[in-house]
Amino acid sequence: MKAIIILILSLTSVLFNLSTAEASWLIDARKYHMSAHMENSCQDCHENITGQALHPNPAHVNKKLTDFFSIDKCLSCHDDVIEDIKEGFHGAKKVKDPNKYSRCIQCHQPHYQPRLGDNRMGRFDPAKPRHEQCGACHEERPALPVFSPEDEGCMACHRMVGLGDPEKEENIARLCLHCHAQKGTPAQKMTGKSVPLINGKGYDATPHAGIACTVCHPQAPAFKHDTQKPGDCRQCHLPHDEKVARDAHTEVACEACHLKGIKPVRVTESKTVVWERDPKSGETSRIHDMVLTDDEAACRRCHVKGNQVGAVTMILPAKSILCMPCHAATFSVGDTTTIIALIVFLTGLILTLSVWLTGSLPGETVANPFYKVFKLFWSAIRAIFSSKLLLIIKAMFLDVLLQRRLFRQSKTRWLIHSLIFIPFVFRFSWGIVALIASLWKPEWDPVWAMLNKNHPATALLFDLTGIMVLLGVVLAFIRGTIKRHDEIPGLPEQDRLALGLIAGIVVIGFFLEGMRIAMTGSPDGSVYAIAGYGVSVLFSNTSGLPEVYGYIWYVHAVLTGAFFAYLPFSRLLHIILAPVVLAVNAIAGHGHGRKKDAQKTLSN
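Residues numbered from 1 in each chain as written. Predicted model: local features only at pLDDT ≥ 70, side-chain atom pairs only at ≥ 80, totals over all residues. Heavy atoms only, no water.

Draft legend 1. Summary view of the overall build of the chain. A count of helices and strands for the chain gives 25 helices and 6 strands. Here the chain, with 604 residues, has 34% of them falling under the buried criterion. By element, 63% of the accessible surface of the chain is carried by carbon and sulfur atoms, the whole surface being about 36,200 Å². (Helix = DSSP H or I, 4+ residues; strand = E, 2+ residues; numbered from the N terminus. Buried < 20%, exposed > 50% of the residue type's maximum accessible area, 1.4 Å probe, protein only. Areas by Shrake-Rupley, 256 points an atom, 1.4 Å probe, with all protein chains shown as cover.)

Set out below in structure tokens:
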């Protein structure tokens with residue numbers, strides 16, 4: 001039983017403690033008062049602190065915790081431990097190599113080490129819940145004991161308090177600004193030789209002035225201070241949607257755009273864009289001034305000629321609604337190409353509708369086109385909110401998505417249409433889900449995987465669907481050429497302009513993808529973009545790609561706009577009209593199923 005209890009307490013110690021590499025300068029008073037050292041004074045183990053000229057000492061913060069450890073401090077109270085280790089055991093564990101037990105803090109966190117004495121284990125029952133046995137390991141108290149005046153002087157800086165507690169901000173600021181403020185103290189003068197210092201008044205005007213330093217710098221209050229990793233901005237901030245950031249920027253650190261006085265750099269191994277700064281002695285740090293203006297100054301950090309992060313030199317607009325059939329785009333219509341294309345597209349639709357509305361509706365004598373539009377709209381609303389909705393859904397799934405009617409007419413035509421149509425449906429669905437989710441639940445990681453062009457699934461699926469579209473266009477051209485001699489005179493010819501626009505959009509899209517992969521150093525996951533990665537090999541040693549990329553991007557955008565503008569005047573208008581006609585037929589009872597039933601009735 002005793003061995004089991006010791007094992008449980010040892011596991012509790014592991015759960016409560018931090019590893020040596022993460023040993024913090026801050027102390028949780030609750031855990032400390034439960035520990036074996038709760039009755040000790042800070043000075044019992046840190047007696048040399050009061051005699052130091054500087055505490056904290058900037059010369060020590062980048063050292064390791066083990067650089068300050070001396071086993072003699074532990075042996076002053078635990079001298080029997082060495083004797084036990086020499087005899088081959090330590091607690092309930094057999095000792096094979098005594099040399100591995102020379103640094104106690106590799107396993108024990110002095111501030112949180114639970115009691116292991118018999119006087120604290122006698123009342124502990126492993127069969128009962130721990131929260132019902134609070135007095136088994138430590139004395140039960142209604143409140144935490146008060147520190148001695150001497151120890152309270154230490155805890156004024158070293159106490160860890162809860163998030164959002166004003167006391168925390170004050171304590172953390174006192175600790176950090178001891179070295180990092182610009183007030184001319186010895187510690188600050190030493191720190192100023194390696195990093196710019198913080199001006200107190202200037203810092204108070206920054207966006208994060210009221211937040212504890214450790215929110216953004218969680219590893220700051222610990223040894224190995226110079227190797228700390230920055231915090232994650234997303235713990236408080238949601239990522240920008242693509243309409244704001246022009247692109248998902250999934251491989252770019254927030255600080256690369258928002259921090260002042262830094263330079264964006266690309267990490268060779270991960271291919272991500274992070275930041276670095278060139279600290280100069282005597283300068284005032286502006287790194288916390290993160291307010292961005294509405295201009296493009298932040299974008300120009302990367303998007304400039306000669307940049308070293310693989311960014312295109314042009315600041316391109318966000319992908320507009322014209323891009324939605326192929327990409328995770330945005331609900332934006334601000335660029336010139338989109339505006340012109342939409343004007344022509346809507347004009348073509350209006351002309352088409354004007355032809356449709358020249359006659360009168362069944363049972364109606366009113367010829368006013370506005371009345372007919374209202375009547376048709378009202379009929380559609382009534383159908384959606386009626387039992388006929390199931391007929392519409394069935395028609396959309398079987399005859400529009402799966403193209404059942406076309407399959408029965410010609411399997412060759414069905415294959416060609418499916419190779420072109422289904423990839424567009426898939427890419428549109430993927431993009432619209434990713435867009436809406438990024439606006440609704442931007443904290444979901446899968447959303448950004450869907451927007452990340454280098455994610456293996458996204459890269460593979462989008463390249464496969466692009467290849468399918470291109471293959472479908474090629475087969476359509478071949479079939480159109482073969483069937484041209486068999487066509488009945490007077491029938492309209494194949495709309496090769498529309499097919500050519502689709503092919504051009506896809507081919508240039510693959511070239512853009514290959515250029516992007518080459519410019520950014522072939523990021524992890526980009527190899528799954530089988531077509532784009534293959535193209536990137538052609539550009540692997542090509543200079544000037546960032547300067548050329550923007551022009552080719554605009555060619556891609558103009559072709560897309562031209563396709564949408566031409567669509568209402570082309571033979572591909574059925575992409576829009578066919579779903580409407582099939583839905584109307586389904587509601588009116590003229591669907592394929594009912595025709596078949598009618599034929600059966602007539603034959604009987």
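More follows now that the structure is in view.
Draft legend 2. Quick peek at the nonpolar core. In this structure, Val469, Val473, Leu499, Ile502, Phe563, Leu567 and Leu572 are the most contacted members of the largest nonpolar core, which totals 21 residues. Mapped by element, the contributors of at least two residues to this core are α14 (336-356), α18 (411-440), α20 (456-483), α21 (496-519) and α23 (545-566). It is α21 that provides the largest number of residues to this core, a total of 8 residues. Not counting residues up to four positions away in its chain, the partners in contact with valine 469 are Leu419, Ile420, Pro423, Phe424, Ile502 and Val506. Formed by 13 residues, the second largest nonpolar core is a distinct cluster that contains Leu316, Ile508, Leu512 and Met515. (Core = buried A, V, L, I, M, F, W, Y, C linked by side-chain atoms within 4.5 Å. Contact = heavy atoms within 4.5 Å.)

Draft legend 3. Up close: the packing of aromatic side chains. Enumeration over the complete set of coordinates arrives at 11 aromatic pairs. Between phenylalanine 563 and phenylalanine 564 the ring centres are 6.0 Å apart and the planes differ by 85 degrees, which places this aromatic pair in the edge-to-face class. Residue class for phenylalanine 563 comes out buried when judged on its relative accessible area of 13%. Assessed through its relative accessible area of 17%, phenylalanine 564 is described here as buried. An aromatic cluster of at least three residues, connected via ring pairs, comprises Trp25, Phe68 and Phe223. Stacked on the ring of tyrosine 112, the Lys or Arg lysine 31 has its end atom at 5.7 Å from the ring centre. (Phe/Tyr/Trp six-rings, centres within 6.5 Å; stacked < 30°, edge-to-face > 60°. Lys NZ or Arg CZ within 6 Å of the ring centre and 35° of its normal.)

Draft legend 4. Main features of a positive patch on the surface. A contiguous patch of positive charge on the surface is contributed by Lys93, Lys94, Lys96 and Lys100. Within the element layout of this structure, lysine 100 appears in the loop between β3 (93-94) and α6 (118-121). Of the residues examined, lysine 100 reaches a relative accessible area of 62% and is grouped as exposed. (Patch = residues over 30% accessible without salt bridge, like charges linked within 9 Å, V, L, I, M, F, W, Y side chains within 5 Å. Salt bridge = Lys/Arg side-chain N within 4 Å of Asp/Glu carboxyl O. Lys, Arg positive; Asp, Glu negative; His and termini not counted. Charge placed at Lys NZ, Arg CZ, Asp CG, Glu CD.)

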